[in-house]
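Remarks on the overall topology
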Amino acid sequence: MQADIDAVRERLRDAKRVVVLTGAGVSAESGIPTFRGEGGLWRNHRVTDLATPEAFARNPALVWEFYNWRRMVISKVDCNPAHRALAAMEKGPADFALITQNIDGLHFRAGSRNVLEIHGNIWKVRCTYCGDVHLEQEPDFGTAPACRKCGAPLRPHVVWFGEGLDPRLLDTAYRLSASCDLMFVIGTSAVVQPAASFPFAAKSAGAFVVEINPERTPLAGAVDLALAGKAGEIVPQLVRP
Ligand code: BV8
Ligand code: ZN
């Protein structure tokens, strides 16, 4: 593993344009449950009851209870060494962009700035009628919050299953993936589309793609190097002086 880490450090030193794609695994060491692993959210809850537009139309209070519970969990945790190491990586000589599937806001809290939150942000709420979006830091936001502008029901400003991603964010994410020379894919099971296709866009553009995950994922055959381990242990080694 050390030889691999040294080789990746070398590539990071020479890289011109670095893109990082993260998933729930990068927040696991902060104590935030992932979705599909041990104790994962989708192991104990049904996606169709909690993270689809139909679920919200059927039972908005239940969906708000689920997101308030996650907001409560996230409000009590802190960034971990992986988040902080990625913020340090951004300060390196190469152009840098971080595409995250996570909605917890921990990359920004750790100091990352060029972050594309392609699945939204759990701390933002959106009006279902007038579209007003605002930051709501109160962890428990009640189960029937109403828009302060028009009184219509508010929803979490996140992308649910079956919903399209923001086309501008999606286009930027593809363009960044297809023009980088080094991509890190960290802590994602690589099953959710369209995010899972970004590493292939990077590969087809000739980028060197490194996966960091304790488990094997569907990307195993496509990446150039898989570093088997925890993000909080590996990423800091890539950026230490
Ligand atoms: C869309 C926000 C169309 C909400 C999320 C059949 C085939 C292909 C696609 C589909 C299909 N059926 C349906 C689809 C489309 C669907 C999809 O991909 N489904 C999958 C499940 C099959 N996609 C969609 O619906 C997307 N929209 O396609 O719309 C469209 C287009 C235009 C117009 C209208 C419609 C929307 C997808 C976004 C859904 N929203 N989240 C919320 O969070 O509440 S997705 C959800 O999954 C989270 O965002 C999460 O980030 C994302 C991916 O999960 P991961 O982050 O990878 O987390 P997971 O637990 O799975 O894995 C964790 C990994 O970390 C593991 O590998 C583990 O080993 C590793 N790990 C653990 N500890 C560590 C670690 N790694 C490192 N260090 C550690 N310490
Ligand atoms: Zn409104």
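Remarks on the packing of helix H7 (residues 81-90) against helix H11 (residues 231-239)
It is at 8 Å that the axes of H7 and H11 come closest, and there the two elements cross at 25°. Comparing their axes, H11 and H7 come out roughly parallel. Classified by chirality, the crossing of H11 by H7 is left-handed. Contacts from Pro 81, Ala 82, Ala 85, Leu 86, Ala 88 and Met 89 of H7 reach H11 at Ala 231, Gly 232, Val 235, Pro 236 and Val 239. Of the residues assigned to the contact of H7 with H11, the class counts are 10 nonpolar, 1 polar and no charged.

Looking at the site of ligand 1
Near ligand 1 lie 31 residues; those nearest to it are Phe 35, Arg 36, Tyr 67, Arg 70 and Ser 189. Within the side chain of Ser 189, one N or O atom sits 2.6 Å away from an oxygen atom of ligand 1. Within the backbone of Gln 193, an N or O atom sits 2.7 Å from an oxygen atom of ligand 1. With the chains in place, 71% of the 1500 Å² that ligand 1 exposes on its own is no longer accessible. Every element with two or more residues in the shell around ligand 1 is listed here: helix H2 (25-28) and helix H6 (60-75). Looking at the shell around ligand 1, its residues break down into 12 nonpolar, 13 polar and 6 charged. Taken domain by domain, the makeup of the shell around ligand 1 includes at least three residues from each of domain 1 (2-31 + 78-119 + 164-239) and domain 2 (33-76 + 120-158).

Some remarks on the coordination of the zinc ion (ligand 2)
Protein coordination at the zinc ion (ligand 2) comes from Cys 127 (SG), Cys 130 (SG), Cys 147 (SG) and Cys 150 (SG), with a distance range of 2.2 to 2.3 Å. Coordination at the zinc ion (ligand 2) is tetrahedral: its 4 donor atoms span angles of 98 to 121° at the metal. Written as a sequence motif, the donor arrangement for the zinc ion (ligand 2) is C-x2-C-x16-C-x2-C. Highlighted residues: Cys 130 in the loop between strand E4 (120-127) and strand E5 (133-135) and Cys 150 in the loop between E5 and strand E6 (154-158), separated in sequence by 20 residues.

The rules behind these values
Residues numbered from 1 in each chain as written. Chains lettered and ligands numbered in written order. Predicted model: local features only at pLDDT ≥ 70, side-chain atom pairs only at ≥ 80, totals over all residues. Heavy atoms only, no water. Axes fitted to C-alpha atoms, helices over the stretch in contact; angles between N-to-C directions. Helix = DSSP H or I, 4+ residues; strand = E, 2+ residues; numbered from the N terminus. Parallel < 35°, antiparallel > 145°, perpendicular 65-115°, else oblique. Left-handed = near helix turned anticlockwise from the far one by under 90°. Contact = heavy atoms within 4.5 Å. Nonpolar A, V, L, I, M, F, W, Y, C, P; charged D, E, K, R; others polar. Near = heavy atom within 4 Å. Polar contact = N/O pair within 3.5 Å; in protein donor to acceptor, adjacent residues only side chain to side chain. Areas by Shrake-Rupley, 256 points an atom, 1.4 Å probe, with all protein chains shown as cover. Domains from an automatic or database assignment. Donors = N, O, S within 2.8 Å, 3.2 Å for Na, K, Ca; no water. Tetrahedral: all angles 85-135°; square planar, octahedral: opposite > 155°, others 65-115°.

The quantities given are spatial measurements derived from coordinates; they are silent on function.
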